[in-house]
Every structure is written in structure tokens, then in C-alpha cells.
Amino acid sequence: TLGTAQALAQQAFPSRYITMIVPFAPGGPTDIVGRIVAEHMSRTLGQQVVIENVAGVAGTIGAGRVAKAAPDGHTILVGPMSTMSFSPALYPKLAFNPLSDFEPIGIAASAPIMLVTNNAIPATKLSEFADHVKANAGALTNGNAGVGSTSHLACLLLNNRVGVSVTLVPYRGTGPALQDVVSGQVGYLCDQVTSLMSQVQAKTVKPLAVLAPTRSPVLPDVPTASEAGMSGIDMVVWNALFAPKGTPPEVIEKLNSALIKAITDPASRERFLQLGAEPPPDTQRSPQALREIHAADVAKWGEVIRSANVSVE
Ligand code: MLT
């Protein structure tokens, strides 16, 4: 019967390699987190988990691709909080519903947003940065990973707070945006610390503030925005795994336990922590925990986006 065939198919999962779609360019936080868990999950599942970067429109192209893939666990998404929670408020014609078109698998890691500038900007503190941006708004550019990415919204909240409007430069991910901050072509970027650490350590960019409630353990000298006098612009970003709606519960269960093995493995856990990203605590590792956190973030950030009057230009 069909029931038996389905049961066999589920037992056999994964029967071939798994495509893990990263909806942003290589070198950004979603890509970095995806690659760390994919490598470990391949070992647990006994099949390669292959990363495919499908970038464009702040992750919505890649997420849309997964929403429409066969619900058999062989195509999954690394969904950042931005694509999965900001997009409904920004894109009225979004081709998928982030809440109802996916089965949550689990959170891989979360990281705070950090403001970095190129080395030519004469500021070592957030207040100096604000003065500099106000005085040079016409000449400065602010890079991001597209309208509706975390780097876009985080820096927009900062720019609104400072009271400036500068030219926003969209990229296919913060990986390439960061390269242009390093080269000096772009003035500043608000990104998850995960992808910034190597450049910060190499002193090719300057970290000015953590746009999150607490300092990052990997950069304890960098103050939070609130400590520097700007509260209310905090953002901590999760990256999580999702499968297409209708993926069998047994398959989700296998993927979730492989993910938990990956994030609790001492070596990958250490890699995350060194990058300033944190795997979720015990209570936040289940598909159900992700479902609840995701729903809360769609509501919370939808409200922020509507009240900040953000629009797709
Ligand atoms: C985002 O949250 O917007 C993404 O992490 C950006 C990226 O990975 O490039």
C-alpha cells in the first residue's frame, strides 16, 4: 500500500544528498552558520548536505524555492530571522508565507548585530560616528544585504535614530557588502557579528557598537548601543533550518536530531562561540520552540517595520 511505501521512504531518509539552500551570498552569517551545521549533519545523516547559495531579494528567492520544493527532507533552508520574519511586512506580493509554507526544524545559532565602519571614518565611538554621519550624510554609503535583510533594518533603525538619511547600497549578502567596507568603498554596515569577527580581528574594519542588549563575549570592549546612549535599536538574529510544508514528522525529527548533534558537538560549538554566535539553549532546540519564536518575531518585527515606515524602494 501507499502507507507502507511512505513508511519505507521515511525509514530510508535520507536516500540521497540533501540540498541546504542559503538564501544569501557566501561569506555572510547565514552562509557561515549553514556551512558549520551542514558539515556535521552530513556525518550524522550519512549523506552529503550540500550548500547551495540562492541569493536575491533579501533571501526571498531562496526561501521561495524551498517552499515549493518536494516535501521529502532533501531540500531544506537556512532561514535567517530577516527573510522569515520581516518579509511579510515588506513584500505584499511575497510568493510564500514564512509561517504556513514551512515545517520548522530547529534554530542553529543566534548572534547580535554589530556596527562596523571602514577605517577611514574618523570615529571610535558611537557618538562620534553619529556626528560624522550627520556632517557627511551626502557622501556616505551604508551597505546591506537587500531590502528586508537584517543589515538593512538594523542600520535603518540606527540611521533613523541618528536622524540621517544616507545612500543605501544593497548586495546579495553581507559577505560582499563587508568586502566593500574593507576596501573603503562603503562607509558602514550593521551585520551579525558572526561574519565580522575575522575582519575585526584583522583590524580591516572598526567595530563601534553592539546593537543588542548585551556586549558580545568575543568583543567585550565594544559597548552596546544603549550603553552608548542609543536604546531601542537592538537586534539579535537567529538562523534556523526549515523544510517545505508537509515534510513528514519522522523526517523533521531526523533532521532536528542531526542539527542538535551538530550544535552541541564541542568542536562546532566552539567555532560558533569564537565567531560570537550562540547555539540555542536546551529549551529552544525543538521544532516547536522555533515555531513559537518565529511566530513571535513575525509579529514583533512586522510592528517595528510598520512603525518605522520602512518601504521597498
Ligand atoms: C540576514 O539576516 O539578512 C542575512 O544573514 C544576511 C547574509 O547572510 O548575508
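So, here is what we can say about the structure in this document.

Analysis parameters
Residues numbered from 1 in each chain as written. Predicted model: local features only at pLDDT ≥ 70, side-chain atom pairs only at ≥ 80, totals over all residues. Helix = DSSP H or I, 4+ residues; strand = E, 2+ residues; numbered from the N terminus. Rg over C-alpha atoms; globule rule 2.2 N^0.38 Å. Buried ≥ 20, exposed ≤ 12 C-beta atoms within 10 Å, placed from the backbone. Contact = placed C-beta atoms within 7 Å. Expected span 1.5 Å × (residues − 1). Arc of directions from axis to C-beta. Near = placed C-beta within 6 Å. Nonpolar A, V, L, I, M, F, W, Y, C, P; charged D, E, K, R; others polar. Pairing = 2+ DSSP bridges. Right-handed = clockwise from strand over helix to strand, strands pointing away. Axes fitted to C-alpha atoms, helices over the stretch in contact; angles between N-to-C directions. Parallel < 35°, antiparallel > 145°, perpendicular 65-115°, else oblique. Left-handed = near helix turned anticlockwise from the far one by under 90°. Core = buried A, V, L, I, M, F, W, Y, C linked by C-beta atoms within 7 Å.

**Let's talk about the overall build of the protein**
Phase 1 of the analysis: For the protein, the helix and strand inventory stands at 12 helices and nine strands.
Phase 2 of the analysis: Relative to its length of 313 residues, the protein is compact, with a C-alpha radius of gyration of 19 Å against a globular reference of 20 Å.
Phase 3 of the analysis: Across its three principal directions, the C-alpha atoms of the protein cover 70 × 40 × 30 Å.
Phase 4 of the analysis: When the 313 residues of the protein are sorted by exposure, 50% land in the buried category.
Phase 5 of the analysis: Across the protein, the fraction of contacts at a sequence separation of at least 24, relative to all contacts at a separation of at least 6, is 77%.

**As for helix H12 (residues 287-307)**
Phase 1 of the analysis: Taking 1.5 Å as the rise per residue, H12 with 21 residues should run 30 Å; its terminal C-alpha atoms sit 30 Å apart, in good agreement.
Phase 2 of the analysis: Taken together, the buried positions of H12 are Pro-287, Leu-290, His-294, Val-298, Trp-301 and Ile-305. Buried residues along H12 cover an arc of 100° about the axis, so they all sit on one side. The exposed set on the far side of H12, more than 90 degrees from its buried face, consists of Gln-288, Ala-296, Ala-299, Lys-300, Glu-303 and Ser-307.

**Quick notes on the site of the ligand**
Phase 1 of the analysis: Taken together, 16 residues sit near the ligand, with Gly-28, Thr-30, Pro-80, Ser-149 and Gly-173 positioned nearest.
Phase 2 of the analysis: Counting residues per element, the ones that place at least two in the shell around the ligand are helix H2 (29-45), helix H7 (150-162) and helix H8 (174-182).
Phase 3 of the analysis: Here the element with the most residues in the shell around the ligand is H2; it accounts for three residues.
Phase 4 of the analysis: Grouping the amino acids of the shell around the ligand by side-chain chemistry returns five nonpolar, 10 polar and one charged.

**Comments concerning the pairing of strand S1 (residues 18-22)**
Phase 1 of the analysis: Taken across its five residues, S1 has four buried, putting it largely inside the fold.
Phase 2 of the analysis: Relative to strand S2 (residues 49-53), S1 runs parallel, the two being bridged by five bridges. By the bridge assignment for S2, Ile-18 is matched with Val-49.
Phase 3 of the analysis: Following the chain from S1 across H2 to the adjacent parallel S2, one finds a crossover that is right-handed.

**Observations concerning the packing of H8 against helix H9 (residues 193-201)**
Phase 1 of the analysis: Two elements in contact, H8 and H9, have axes whose closest approach is 11 Å; the angle formed by their N-to-C orientations is 25°. Classed by the angle they form, the pair H8 and H9 counts as roughly parallel. Where H8 crosses over H9, the handedness of that crossing is right-handed. Of the residues in H9, those in contact with Thr-174, Gly-175, Leu-178 and Val-182 of H8 are Ser-195, Leu-196 and Gln-199.
Phase 2 of the analysis: When the residues that make up the contact of H8 with H9 are grouped by side-chain class, the tally is three nonpolar, four polar and no charged.

**Re the nonpolar core**
Phase 1 of the analysis: In terms of nonpolar packing, the biggest core is built from 92 residues, with Ile-76, Leu-211, Leu-241 and Leu-259 touching the most fellow members.
Phase 2 of the analysis: Ranked by the residues each element gives to this core, the list is headed by strand S4 (residues 102-118), at 10 residues.
Phase 3 of the analysis: When neighbours within four sequence positions are excluded, Leu-259 is seen to be in contact with Val-37, Met-41, Ile-105, Gly-106, Ala-108 and Leu-241.

**Structural notes on the pairing of strand S9 (residues 236-244)**
Every regular strand shows the same layout, with side chains that alternate between the two sheet faces.
Phase 1 of the analysis: S9 sits mainly inside the fold: eight of its nine residues count as buried.
Phase 2 of the analysis: One ladder, built from four bridges, connects strand S3 (residues 75-80) with S9; its direction is antiparallel. Bridged to Gly-79 within S9 is Ala-240.
Phase 3 of the analysis: Of the pairings in the sheet, the one linking S4 to S9 comprises nine bridges and is antiparallel in character. Each residue of the ladder has a partner; that of Ala-109, found in S9, is Asn-239.

**Some thoughts on H2**
Phase 1 of the analysis: Along its 17 residues, H2 runs 24 Å from first to last C-alpha, staying within 8% of the 24 Å computed at 1.5 Å per residue.
Phase 2 of the analysis: Within H2 the residues assigned to the buried category are Pro-29, Thr-30, Asp-31, Ile-32, Val-33, Gly-34, Ile-36, Val-37, Ala-38, His-40 and Met-41.

**Considerations on the environment of Asn-239**
Phase 1 of the analysis: Relative to the helices and strands, Asn-239 is located in strand S9.
Phase 2 of the analysis: Filtering out sequence-adjacent residues up to four positions away, Asn-239 remains in contact with Pro-29, Thr-30, Val-33, Val-78, Pro-80, Ala-108 and Ala-109.

**Observations regarding the environment of Ala-308**
Phase 1 of the analysis: In this structure, Ala-308 sits in the segment after H12.
Phase 2 of the analysis: In the structure, Ala-308 is positioned 155 residues away from Leu-153 in sequence and 9.4 Å away in space, judged by C-alpha atoms.
Phase 3 of the analysis: Every residue in contact with Ala-308, bar those within four places of it in the chain, is listed here: Leu-156, Leu-157 and Asn-160.

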